[in-house]
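Structural features, examined
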Amino acid sequence: MAGEAFRTDRLDVRPWTHDDVDRMYDIYRRWEVSRWLGAEPKVVESVEAMHATVDRWAAACEQPPYGIWAAVPRSTGTPAGTVLLVPLRDGDGAELEDVEVGWHFHPDAWGHGYATESARGALDQAWAAGLPEVWAVVHPGNDRSVAVTRRLGMTPQGRTDRFYGIELDAYRVVAP
């Protein structure tokens, strides 16, 4: 099921569903998560808003190897967060040829290695699809995400405004 779902040692990684919107809202309503996301970070205002997000993210899973997935520990059955593998975009929203791996996790899931584990699974998807390299972009000051890039073996590429039209720290890993 390349592009739709994958498994890691501890996680089922699958598309988000409408049954997950309460948990999604609990993740994205939190400033400690949302402050690191997007050109103009903001928290999600309502559970209802998450339904449109589920539909938008489901469409991303229709173009393998890309997707924006729920990372679900098999030990709990509750999504811990999001892992994504998507084309990067420029400041005008146009898709670029560069591909991004990313992660957003609920604070109750921090420190368990889920971001690194799920991102490795997403990178395996990328390599199986023949992608030559993958990027991560991190808001300056997001030390937790920088630590994940290190664990993934990503190399710092410096600060850039090439992606999403904002200054971000860029990291890159090439296919093995």
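Now for a look at the structure at hand. (Residues numbered from 1 in each chain as written. Predicted model: local features only at pLDDT ≥ 70, side-chain atom pairs only at ≥ 80, totals over all residues. Heavy atoms only, no water.)

**Looking at the pairing of strand β4 (residues 81-89)**
Across the 9 residues of β4, 8 count as buried, placing the element largely inside the fold. In this structure, strand β3 (residues 67-73) lies alongside β4, joined through 5 bridges in antiparallel fashion. In the sheet register, tryptophan 69 faces β4, and the bridge partner there is valine 83. Here 8 bridges tie β4 to strand β5 (residues 95-105), and the two strands are oriented antiparallel to one another. Each bridged residue has a counterpart across the sheet, and for threonine 82 the counterpart in β5 is histidine 104. Taking the residues that link successive antiparallel strands as the turn, the β4-β5 hairpin has 5 residues, and the phi of glycine 93 there is positive, at about 90°. (Buried < 20%, exposed > 50% of the residue type's maximum accessible area, 1.4 Å probe, protein only. Helix = DSSP H or I, 4+ residues; strand = E, 2+ residues; numbered from the N terminus. Pairing = 2+ DSSP bridges.)

**Re helix α3 (residues 47-60)**
Taking 1.5 Å of rise per residue, 14 residues should cover 20 Å, and α3 covers 21 Å from first to last C-alpha, within 8% of that figure. Among the residues of α3, those classed as buried are Met50, Thr53, Val54, Trp57 and Ala60. Along the axis of α3, the buried positions cluster into a sector of 115°, meaning they face one direction only. Every exposed residue of α3 that faces more than 90 degrees away from the buried side is listed here: Glu48 and Arg56. (Expected span 1.5 Å × (residues − 1). Arc of directions from axis to C-beta.)

**So, the environment of aspartate 161**
Within the fold, aspartate 161 resides in the loop between β7 (155-160) and β8 (168-174). Along the backbone, aspartate 161 and glycine 91 are 70 residues apart, and their C-alpha atoms lie at a distance of 8.1 Å.

**Some remarks on the packing of helix α1 (residues 21-28) against α3**
Interaxial distance between α1 and α3 falls to 9 Å at its minimum, and their mutual angle equals 105°. Judged on the interaxial angle alone, α3 and α1 are roughly perpendicular. Along the contact surface, α1 presents Val21, Asp22, Met24, Tyr25 and Tyr28, while α3 presents Val47, Met50, His51, Thr53, Val54 and Trp57. Residue composition of the contact of α1 with α3, by class: 8 nonpolar, 2 polar and 1 charged. (Axes fitted to C-alpha atoms, helices over the stretch in contact; angles between N-to-C directions. Parallel < 35°, antiparallel > 145°, perpendicular 65-115°, else oblique. Contact = heavy atoms within 4.5 Å. Nonpolar A, V, L, I, M, F, W, Y, C, P; charged D, E, K, R; others polar.)

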